[in-house]
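# Coordinate inspection notes
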Amino acid sequence: MSPTTAPTDLRQLLDTNEIVVCTGSGGVGKTTTAAVLALEAAHLGKRACVVTIDPAKRLANAMGLEGLTNTASKVEGPWSGELWALMLDTKSTFDDLVAKHAESDEQARNILANRFYRNISGALSGTQEYMAMEKLYELHEDGGFDVIVVDTPPTRNALDFLEAPRRLTRFLDHRLYRVLMAPTRGFVKAMNVAAQAFLRTVSKVVGGDVVRDAVTFFQAFDGMEEGFRDRAAEVLDLLSHESTAFVLVTAPRGDVVEEATYFARKLGEADILVRALIVNRMHPRFSDASPDAMAERAKTLTGTDLGALYANLADFLTVASREEAHLAGLAEHVAPAPVVRVPFLDTDVHDLEGLALVGRYLFPARHAA
Amino acid sequence: MLIVAGKGGVGKTTVSAALARAAAMAGLSTLIVEVEGKSGLAGLFHQPPFDYEEVVLAPGGGPGGESDVRARTLTPDDALVEYLETHGMGRISRRLAAAGAMDVVATAAPGIKDILILGKVKQLERGGAADVIVLDAPAAGHAIRFLRSARGLLDAVHVGPINTQAQDVLDMLTDPERCQVVLVTLPEETPVNELVETAYSLEDEVGIMLGPVVVNGLYRALDGLERDPDEAAKEAGAFLHPGEADSLRAAAQFRLRRSALQHEQVERLGERLPLSQICLPYVFSAELGPRHVDELAASITTGIRGLADL
């Protein structure tokens, strides 16, 4: 991807991309942003789908998502296109994937029943990200959507998210796995002895049950690694395809921006450009005066109501400057990606009306028309 | 031991720092334990980033007899190696580390990384590393998983050192004399909802004692914001630049409206969660630094005194 492909605004981004991935740290409004983007696409007459992960309950209800559905359901509303929504169910997505790659029903059953597998599908760090990307791939292949917007889990570590598909396959490449599989593959006896010794030491620490579960799992999984590896490679290809756009969502707080900058850098290392930066919850800037001048005025007027009014204005000008200062470096880092600012809203977004309100800031052109 | 928990972006790290300073100002030696690294904690004290090695973030002394605030980071890998070595299993620890077995073991028994960290914290607590240990817990839903790890592991691992470790950690977590959780939130709808859910999960699933809730980022009330700027100017005998009245009015309206919303949320939190609250002011400044941490620490001290008077 060359920098010239950066869109000038979000409308153009929706027009030129099939997949939009919203990424950023937790609590910055990723889910809401993803929903607003998909809603806008529906307004533009497209068949759009939003894949969300753990949305706030009221927003989920507003979109007709009562629980983990794992298949897209249609949200009815006054738009010319279609809006579909899906709440990721990590475990059942993983189960489907296992069933698909298993050589027999029996192999699938053995794996699904294994406790070690149940732990992987529930708790291996990166699994949720991996399944989000897997679901995305499925929708891309079979869903017939014009635009798919995907929300990413609020993982602190961007690496988890980017490396998610690779992570499981690397897990299967693990030396321990090879050691465990050695006996069944007819390696020399010495290897077997080494494996047994290794397992004994691990058992001493965590107990024998845990090790038995792991061994059974690796044995049950035998033969499936290749399918998983191929699939992971396809998912990664899709993510780095030019019709996939990454949108970075942040809030203007110093620590959050630092985190977002880290995300941008990690994406960069994977040769993925940030195509737009969305900043939620900006404090409004009430005037162009300098905060210090206003604070000075407040000081000389201490004790009067006007003094309080100036002190208050100085407070918010200070915050607005601080927010812009925090953002400056990140904006430069992701340039020429557009930076779209959404102000603090009076209420949290939990219905379609709220989404429309945010939409007015993300897509000012359509609303001005 | 105080475990500070809350979803991302609510100012958990700032609150951890302020709590630590409040304790140190009261003459208690304090250690902050970070588990995720890279939280900006060192920056709040204008100190360089720290690691597994303990550092002093804010030295004590002075006329008030303040104690030091120290800090260190804990990672599961370091904790595992250290644990095994101190239990005469140095050889195993090197083998495990060399084979990169941590990932596999952690998958076999989820929560094992968390228990290693909590186990190390327990050891610090037992060893009297400080009068007060402030644990800056992982963000969001992970905090529950983190604290639930001990109970989960007791079910999964029936024997061996990990089992013993989990039992010891659970004993610490459920003893209100030794450990309390301080939940942090913002006075906004979604964070309040999530805090209430987290609070009930922690009580029911872990049996942990919840301390006061910290509501972070409340706009401090300013008298006079209801006044019309032109009138206020006339009264003060001051002259306003063109357009200035509008800016002053808009800013005043914004603060009044948001303050009202914030108070609604604080009230709602009080109704839904019968825990005492400590409110911390929003910091309107260019950059958070040690001075602001001290101001927030003073607010916490005042807040705690207020609770004691009830």
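Residues numbered from 1 in each chain as written. Chains lettered and ligands numbered in written order. Predicted model: local features only at pLDDT ≥ 70, side-chain atom pairs only at ≥ 80, totals over all residues.

## Digging into the overall build of chain B
To keep it simple, the criterion reads: Numbering of helices and strands starts at the N terminus; helices are DSSP runs of H or I of at least 4 residues and strands are runs of E of at least 2. Throughout, a residue-residue contact means that the two C-beta atoms, derived from backbone geometry, are no farther apart than 7 Å.
When helices and strands are counted, chain B shows 12 helices and 8 strands. In chain B, 72% of the contacts between residues at least 6 apart in sequence involve partners at least 24 apart.

## Here we look at the overall build of chain A
Keep this limit in mind: Residue burial is a threshold on neighbouring C-beta atoms within 10 Å of the residue's own C-beta, all placed from the backbone, with 20 or more meaning buried, 12 or fewer meaning exposed, and counts in between meaning partly exposed.
Secondary structure summary: chain A contains 17 helices and 8 strands in total. For chain A, the proportion of its 369 residues judged to be buried stands at 47%. In chain A, the proportion of contacts linking residues at least 24 apart, taken out of those at least 6 apart, comes to 75%.

## Focus: the sheet that holds strand 8 (residues 277-281) of chain B
The pairing of strands in a sheet comes from backbone hydrogen bonds and takes either a parallel or an antiparallel form. Residue and element names in this part refer to chain B. Rules: In this scheme, strands are said to pair when DSSP sees at least two bridges between them. Axis definition: a line fit to C-alpha positions, over the contact stretch in the case of helices; interaxial angles, taken between N-to-C directions, run 0 to 180 degrees.
Across the sheet, which stays open at both edges, the 8 strands sit in the order 3-4-2-5-1-6-7-8 with mixed pairing between neighbours. If you trace the sheet from one side to the other, it starts and ends with strand 3 (55-58) and strand 8, each paired once. Pairwise comparison of adjacent strand axes, ignoring direction, gives a mean angle of 25 degrees for this sheet. When strand 3 meets strand 4 (residues 69-73), the two strands line up antiparallel, connected through 3 bridges. Each bridged residue has a counterpart across the sheet, and for Val56 the counterpart in strand 4 is Arg70.

## Comments concerning unusual backbone geometry
Residue Pro336 of chain A follows Ala335 of chain A across a cis peptide bond; omega there is 5 degrees. The backbone of His46 of chain B shows a phi angle near 55 degrees, a positive value even though the residue is not glycine. Topologically, His46 of chain B is positioned in the loop between helix 2 (41-44) and strand 3. Looking at His46 of chain B, the number of C-beta atoms within 10 Å reads 13, which means it is partly exposed.

## Let's talk about helix 13 (residues 254-269) of chain A
Heads up, the condition is: One less than the residue count of a helix, multiplied by 1.5 Å, gives the span that helix is expected to have.
An ideal rise of 1.5 Å per residue puts 22 Å on 16 residues; helix 13 of chain A measures up with 23 Å between its terminal C-alpha atoms. Along helix 13 of chain A, the positions that sit buried rather than exposed are Asp255, Val256, Val257, Glu259, Ala260, Phe263, Ala264 and Leu267 of chain A.

## Here's the deal with the environment of Ala286 of chain B
Along the chain, the position of Ala286 of chain B falls in the loop between strand 8 and helix 12 (290-309). Excluding residues that lie within four positions of it along the chain, Ala286 of chain B makes contacts with Thr318, Ser321 and Arg322 of chain A.

## A look at helix 6 (residues 112-126) of chain B
Residue and element names in this part refer to chain B. Taking 1.5 Å of rise per residue, the 15 residues of helix 6 would be expected to cover 21 Å, and the 20 Å separating its terminal C-alpha atoms lies within 8% of that figure. Where burial is concerned, most of helix 6 is hidden: 11 out of the 15 residues are buried. Residues Ile112, Lys113, Asp114, Ile115, Leu116, Ile117, Leu118, Gly119, Lys120, Val121 and Lys122 constitute the buried set of helix 6. One or two steps after helix 6, the chain reaches Gly128, where phi turns positive at roughly 65 degrees.

## So, the sheet that holds strand 1 (residues 19-23) of chain A
All names here are of chain A. In space, the 8 strands of this open sheet follow the order 3-4-2-5-1-6-7-8, with mixed pairing throughout. Looking at strand neighbours, the two that pair on one side only are strand 3 (73-75) and strand 8 (339-343), the edges of this open sheet. Strand-to-strand twist of the sheet, defined as the mean angle between neighbouring strand axes without regard to direction, takes the value 25 degrees.

## Remarks on the confidence of the model for chain A
Residues and elements named next belong to chain A. The condition is simple: Each residue carries a pLDDT value, the predictor's own confidence for that position, ranging from 0 to 100.
Confidence along chain A averages 82 in pLDDT terms, with 81% of residues attaining 70 or more. Taken element by element, the predicted model of chain A shows its lowest mean pLDDT in helix 9 (residues 175-181) (58) and its highest in helix 14 (residues 291-300) (96). Confidence drops under pLDDT 50 across residues 183-191; counting only partners more than four residues distant or on other chains, this segment forms 6 contacts.

## Overview of the confidence of the model for chain B
Looking at chain B, pLDDT values average 86 and 89% of them are 70 or higher. Listed scores for the predicted complex are pTM 0.85 and ipTM 0.87.

## A look at the environment of Pro336 of chain A
Take Pro336 of chain A: it is sitting in the loop between helix 15 (305-334) and strand 8. Spatially, the C-alpha atom of Pro336 of chain A lies 8.2 Å from that of Thr8 of chain A, the residues being 328 residues apart in sequence.

## As for the pairing of strand 1 of chain A
Residues and elements named next belong to chain A. Among the 5 residues that make up strand 1, 5 are buried, leaving the element largely enclosed by the rest of the structure. Side chains Ile19, Val21 and Thr23 project from strand 1 onto one buried face, and the interleaved Val20 and Cys22 project onto a second face that is buried too. Examined bridge by bridge, strand 1 and strand 5 (residues 147-151) share 4 bridges and lie parallel to one another. Looking across to strand 5, one finds that Ile19 is bridged to Ile148. One ladder, built from 5 bridges, connects strand 1 with strand 6 (residues 244-250); its direction is parallel. Across the sheet, Thr23 pairs through a bridge with Leu248, a residue of strand 6.

## Overview of the nonpolar core
All names here are of chain A. Put simply, the test is: Put simply, a nonpolar core is buried Ala, Val, Leu, Ile, Met, Phe, Trp, Tyr and Cys residues tied into one set by C-beta atoms within 7 Å.
Among the nonpolar cores identified, the biggest contains 188 residues, and Ala38, Cys49 and Val149 are the most heavily contacted of them. Top element by residues in this core is helix 15. It accounts for 13 residues. If we skip the residues at most four places from it in the chain, Ala38 touches Ala48, Cys49, Val50, Leu83, Val147 and Val149.

## Considering the packing of helix 4 (residues 90-101) of chain A against helix 5 (residues 105-113) of chain A
Residue and element names in this part refer to chain A. Rule in force here: Just so you know how the angles are binned, under 35 degrees is roughly parallel, over 145 roughly antiparallel, 65 to 115 roughly perpendicular, and the rest oblique. Crossing chirality is assigned from the near helix's rotation relative to the far helix, an anticlockwise turn below a right angle marking it left-handed and a clockwise turn marking it right-handed. In this count, Pro and Cys sit with the nonpolar residues alongside Ala, Val, Leu, Ile, Met, Phe, Trp and Tyr, while Asp, Glu, Lys and Arg are called charged and the others, Gly among them, polar.
Two elements in contact, helix 4 and helix 5, have axes separated by 8 Å at closest approach and are oriented at 150 degrees. Between helix 4 and helix 5, the angle falls in the class roughly antiparallel. Seen along the crossing, helix 4 lies across helix 5 with a hand that is right-handed. Residue-level contacts link Asp95, Val98 and Ala99 of helix 4 to Ala108, Ile111 and Leu112 of helix 5. Looking at the contact of helix 4 with helix 5 residue by residue, the class counts come to 5 nonpolar, no polar and 1 charged.

## A closer look at the packing of helix 13 of chain A against helix 15 of chain A
Residues and elements named next belong to chain A. Between helix 13 and helix 15, the least distance of the axes is 9 Å, while the angle of their chain directions is 15 degrees. In terms of orientation, helix 13 lies roughly parallel with respect to helix 15. Once helix 13 is placed against helix 15, the crossing between them reads as left-handed. Residues Gly254, Val257, Ala260, Thr261 and Ala264 of helix 13 lie in contact with helix 15, whose contacting residues are His326, Leu327, Gly329, Leu330, His333 and Val334. Considering only residue class, the contact of helix 13 with helix 15 consists of 6 nonpolar, 5 polar and no charged.

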